[in-house]
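The residues making up each chain are set out below.
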Amino acid sequence: MRNLSRGVPFATAIHCNVCLDTPSRGVHIYRMRVLIIEDDPVLADGLTRSLRHADYAVDCVHDGEQADHVLTAHSYDVVILDLGLPKLSGFEVLRRLRRRGSLVPVLVLSARDALSDRVKGLDLGADDYLTKPFDLPELEARVRALIRRGQSGGSSLLSHGPLTLDTSGRRATLAGASLELSAREIGVLEVLMLRSGRVVNKEQLAEQLYGWDEEVGANAIEVYVHRLRKKLEPAGVAIRTIRGLGYLLEKES
Ligand code: CA
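Residues numbered from 1 in each chain as written. Predicted model: local features only at pLDDT ≥ 70, side-chain atom pairs only at ≥ 80, totals over all residues.

As a further point, take the sheet that holds strand β1 (residues 33-37). Taken in spatial order, the five strands make up an open sheet running β2-β1-β3-β4-β5, and their pairing is parallel. The sheet terminates laterally at β2 (57-61) and β5 (128-131), the two strands that pair on one side only. Shown here is a sheet whose adjacent strand axes are inclined to one another by a mean of 20°, direction ignored. The sheet contact formed by strand β4 (residues 106-110) and β5 spans four bridges and is parallel. Paired with Leu 109 across the two strands is Leu 130, which belongs to β5. The strands touched by helix α2 (residues 41-53) are β1, β2 and β3 (78-82); relative to β2, the strand with the most contacts, the crossing angle is about 170°. (Pairing = 2+ DSSP bridges. Helix = DSSP H or I, 4+ residues; strand = E, 2+ residues; numbered from the N terminus. Axes fitted to C-alpha atoms, helices over the stretch in contact; angles between N-to-C directions. Contact = placed C-beta atoms within 7 Å.)

Structure follows, in structure tokens:
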């Protein structure tokens with residue numbers, strides 16, 4: 001049995017060179033792919049576990065050359081990049097990534113908090129910057145924000161047929177008319193719209209609602225989806241239940 005008080009098993013962290021993670025719960029569920037580039041094995045392992053727990057598909061590499069290689073061969077929804085790396089610096093990894101034309105959102109992690117480093121990282125095309133030490137909930141919130149920004153093309157306005165959602169103003173309209181939605185309903189709708197055409201499971205929806213309740217049960221998610229359905233269906237926007245998998249936002253033809 002694992003003794004939590006002894007912390008992260010060191011051997012596991014060292015062993016994790018490129019742990020390419022394959023979705024195991026069925027090909028229909030799309031899990032956001034995150035690449036962690038971090039040479040500190042304990043931090044890399046902690047980040048990997050935390051993001052996997054939040055249902056991301058996580059790959060992890062420990063030096064700049066591996067990072068450059070993996071980023072050339074695979075695509076990700078977000079990259080978490082440490083600056084101080086062996087073999088190739090984080091700055092150089094980022095420079096090469098952007099030179100290849102990749103627009104993947106990059107969150108830079110660094111022990112350096114000098115303004116010049118921050119400016120250099122942003123100039124090279126980093127999208128956000130977090131100075132160590134940081135809290136995992138903050139990192140996860142920033143990852144979610146980067147994914148949202150990446151998927152909405154930098155805009156806070158999502159649209160799906162007659163439905164629009166302003167994610168910063170937290171307002172929705174249906175066929176041009178304002179739609180009365182609770183904050184929780186907007187949270188659920190945002191996830192469904194960001195992943196429209198793909199199945200979203202209840203855990204992913206519950207994750208979006210963390211912070212509102214101590215715990216968001218599966219029943220609560222069902223209630224929010226039921227209410228959304230009643231409001232959206234008159235305009236032909238349907239939320240389908242995919243048995244055993246989750247929900248799918250689709251526009252009726
Ligand atoms: Ca480092």
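Another aspect to go through is the sheet that holds strand β9 (residues 177-179). Strand order in this open sheet of four strands is β6-β7-β8-β9, and the pairing throughout is antiparallel. The open sheet is flanked by β6 (157-160) and β9, the only strands paired with a single partner. Strand-to-strand twist across the sheet, computed as the mean angle between neighbouring axes with direction ignored, equals 25°. Judged from the four bridges that link them, β6 and strand β7 (residues 163-166) form a sheet pairing that is antiparallel. For Ser 159, the partnering residue across the bridge sits in β7 and is Thr 164.

Nothing here speaks to function; it is all geometry.
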